[in-house]
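Each chain is listed here by its residues.
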Amino acid sequence: RAVFDKTGTLSNGRPQLDTVGIFNGTDPDDALAIAAALERDSGHPLAHAFSDIHSDHRAGQLHSVPGHGIEARIGDARWRLGRAEFAAGGEDDGALWLARDGIAVARFTISEAMREDARAAVEALQAQGLQVELCSGDVHAPVRRFAAAIGIDAVRSRQTPEQKLTHVRDLQSRGDVVAMVGDGLNDAPVLAGADVSIAMAEGAALAQRAADFVVTSPSLLRIPEAIALARRTQVIVRQNLAWALGYNLLALPLAATGHVTPWIAAVGMALSSLLVTLNALRLGRRPVGGARP
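Predicted, not measured: the structure shown is a model, and the values here were computed from it. (Residues numbered from 1 in each chain as written. Predicted model: local features only at pLDDT ≥ 70, side-chain atom pairs only at ≥ 80, totals over all residues. Heavy atoms only, no water.)

Points about the pattern of salt bridges
Using the following cut-off: What counts as a salt bridge is simple: a side-chain nitrogen of Lys or Arg found within 4 Å of a carboxyl oxygen of Asp or Glu. Between buried and exposed lies partly exposed: a residue is buried under 20% and exposed over 50% of the maximum accessible area for its type, with that area taken using a 1.4 Å probe on protein chains only.
The full count for this structure, using the stated rule, is 13 salt bridges. In this structure, the salt-bridge partner of E85 is R83, at a minimum N-O distance of 3.5 Å. Of the residues examined, R83 reaches a relative accessible area of 9% and is grouped as buried. Overlapping salt bridges bring together R1, E133, R174 and D176 as one network.

In structure tokens:
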């Protein structure tokens, strides 16, 4: 089973600021500048939506609450940016809310585009016999639409890092071998808890350190290619072990009983080692109908 995060993993990692709503007489430019200051060092993929906004503000006492948002002190006020209930105690609507001392002053909506090869990668994994899930911290409706667009039926939304990890452990308790694919700071715990963990190269350094593999190419197709290579490697390893066991079961008794001279035994061992090596080199060949791993 392959479980994917959405933002920065299946999406292209370049979220765009869509709409800006302003409340309580706040200056729109100032609200954007404060949001940019809060997101400047957050490391979250959504921070890209504010990366082009110039800000002279400096956030102090910055504190990130995984799955909820960011809070910091700017000037003489405590600012929060994140879910509505975290920022200002409102009802979660999927937008990012900016609040000053608990009072909402701005509402931002963010749009994301999927990676160009996201659907092809999901289809390739499904063709390999894997069940594919989307497990995201975003609100339900856009996550559902995103999953439908790339062919994923199993969807979990508004998941905190703890809930993602609990879900993976539940799958493992049922006997599933879980590969987790993510890229953000929030994904580090679940990446560490999965059987196989894969991080994207553009993702947070903490996620990469928690992962078994890092996809250095922006292409998601590297993931099914890696799985195909791993399966071919298993086949080659079993073939080589079977050959080595069979050869030694045959050759050792013959050598011990004197039916094989030492020089013939030496040549036989060299040929056996050569055969094993040549068989392993088949992994470097392009598979029929496929791309090079």
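A word on the sheet that holds strand β2 (residues 16-22)
Note the following rule: Here, a strand pair is defined by DSSP locating no fewer than two bridges between the strands. Only DSSP runs of H or I with at least four residues qualify as helices, and only runs of E with at least two residues qualify as strands; both kinds are numbered from the N terminus onward. For helices, the fitted axis covers only the stretch in contact; all axes are lines through C-alpha atoms, and the angles between them, taken along N-to-C directions, range from 0 to 180 degrees.
Taken in spatial order, the six strands line up as β2-β7-β6-β5-β4-β3 in an open sheet, and their pairing is antiparallel. The open sheet has two edge strands, β2 and β3 (60-65), and neither has a second partner. Strand-to-strand, the axes of this sheet are offset by a mean angle of 15 degrees, without reference to chain direction. Bridge count for β2 against strand β7 (residues 103-111) is six bridges, and the pairing is antiparallel. Within the sheet, the bridge partner assigned to L17 lies in β7 and is I110.

Considerations on the nonpolar core
As a reminder, the rule being used: Among buried residues, the Ala, Val, Leu, Ile, Met, Phe, Trp, Tyr and Cys ones that are joined through side-chain atoms within 4.5 Å form a nonpolar core. Should any heavy atoms of two residues lie within 4.5 Å, those residues are counted as being in contact.
By size, the foremost hydrophobic cluster in this structure holds 23 residues, and its most contacted members are F4, L10, L125, L134, I152, L220 and I223. Contributing elements (two or more residues each) for this core: β1 (2-4), α3 (118-127), β8 (132-135), α4 (140-150), β11 (196-200) and α8 (222-256). Setting aside residues no more than four positions away along its own chain, F4 makes contact with T9, L10, L125, V132, E133, L134, C135, M180, V181, L220 and I223. Judged by nonpolar contacts, the second largest core, of 20 residues, contains I34, L46, A49 and A106.

With respect to helix α9 (residues 262-281)
The condition that has to hold: To estimate how far a helix should reach, multiply one less than its number of residues by 1.5 Å. The directions from the helix axis to the C-beta atoms are what the arc is built from.
Taking 1.5 Å per residue, 20 residues should reach 28 Å; α9 reaches 29 Å between its end C-alpha atoms and fits that length. Every buried residue of α9 is listed here: G268, S272 and N279. Summarising the axial view, the buried residues of α9 lie within an arc of 40 degrees, below the 170-degree limit, and thus occupy one face. Projecting away from the buried face of α9 at angles above 90 degrees are the exposed residues P262, W263 and L281.

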